[in-house]
Amino acid sequence: MIGTKQQVINFLSNKNDTKKYEIKEYREKRSLDANAYAWVLLGKLQDKLHIPKEYLYKCLIREIGSYEVIPIRGKAVKKFRQAWSKNGLGWITETTKSKIKGYTNVIAYYGSSIYDTREMSRLIELIIQECKQLDIETKSAAEIDSLLKEWDR
């Protein structure tokens, strides 16, 4: 149920006292327009460069993306990397040597699905730079700002 405080109280007053209910603040889902536009541009880059847009996306995530460096016991690295990648296309990992004996440092990049406006803006700006270098037409700065304003909602 979605409603005001009073509507929720009224709703709950008629419910079974032995059951448990979860209440959380309602938030409108964020606009996917910025993400959709990023993929449109990646498609245009794919057409021009003949490189899969998924590969381009992963390269850009590595270039500007948010990440964590996590030391993981050597035996668990493969399983962690497989599990991390199941979060989505942009959830990628790389490995480096760790100073801790028996461990490997895993660089775990977050996919754009959890980016805030600032991070998504950086991603789209980078994609636009790539497009402009190849004379691929993009939206105006005002149109892009409008898309990004909806991102965190």
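Structural data are supplied above this passage.
The rules behind the values
- Residues numbered from 1 in each chain as written.
- Predicted model: local features only at pLDDT ≥ 70, side-chain atom pairs only at ≥ 80, totals over all residues.
- Heavy atoms only, no water.
- Pairing = 2+ DSSP bridges.
- Helix = DSSP H or I, 4+ residues; strand = E, 2+ residues; numbered from the N terminus.
- Axes fitted to C-alpha atoms, helices over the stretch in contact; angles between N-to-C directions.
- Contact = heavy atoms within 4.5 Å.
- Expected span 1.5 Å × (residues − 1).
- Buried < 20%, exposed > 50% of the residue type's maximum accessible area, 1.4 Å probe, protein only.
- Arc of directions from axis to C-beta.
- Phe/Tyr/Trp six-rings, centres within 6.5 Å; stacked < 30°, edge-to-face > 60°.

### Considerations on the sheet that holds strand β2 (residues 93-97)
Then step 1. Pairing is antiparallel in the open sheet, where three strands are placed in the order β1-β3-β2. This sheet does not close on itself; its edge strands, each paired only once, are β1 (67-73) and β2. Strand-to-strand, the axes of this sheet are offset by a mean angle of 30°, without reference to chain direction.
Then step 2. Together, β1, β2 and β3 (103-109) form the strand contacts of helix α4 (residues 77-85), whose direction differs from that of β3 by roughly 5°.

### Description of helix α3 (residues 53-64)
Then step 1. Here α3 spans 16 Å end to end across 12 residues, near enough to the 16 Å set by a 1.5 Å rise per residue.
Then step 2. Of the positions making up α3, those classed as buried are L56, Y57, L60, I61 and I64. Relative to the axis of α3, the buried residues are bounded by an arc of 140° and lie together on one face.
Then step 3. Summarising the contacts, the buried residues of α3 are in contact with α2 (33-49), β3 and α5 (117-133).

### Quick notes on the pairing of β2
Then step 1. Both β2 and β3 contribute to a ladder of five bridges, which runs antiparallel. Note on β3: the bridge partner recorded for T96 is N105.
Then step 2. With antiparallel pairing between neighbouring strands as the criterion, β2 and β3 make up a hairpin whose turn holds five residues, including G102 at a positive phi of roughly 85°.

### Topic: the packing of aromatic side chains
Then step 1. Counted under the stated rule, the structure contains six aromatic pairs.
Then step 2. Geometrically, the ring pair formed by W39 and Y57 is tilted, given 4.8 Å between the ring centres and 40° between the ring planes. Placement of the pair is W39 in helix α2 and Y57 in helix α3, with a sequence separation of 18 residues.
Then step 3. The exposure class of Y57 is buried, given its relative accessible area of 5%.
Then step 4. With 5.4 Å between their ring centres and 50° between their planes, Y67 and Y109 make a pair best called tilted. A residue pair is termed long-range when its members are at least 10 positions apart, and Y67 in strand β1 and Y109 in strand β3 qualify at 42 residues.
Then step 5. With a relative accessible area of 46%, Y67 lands in the partly exposed category.
Then step 6. A relative accessible area of 7% means that Y109 is categorised as buried.
Then step 7. These aromatic residues form a ring-pair network of at least three members: F80, W84, W91 and Y110.

Fair warning: the whole summary comes from geometry, so function is off the table for now.
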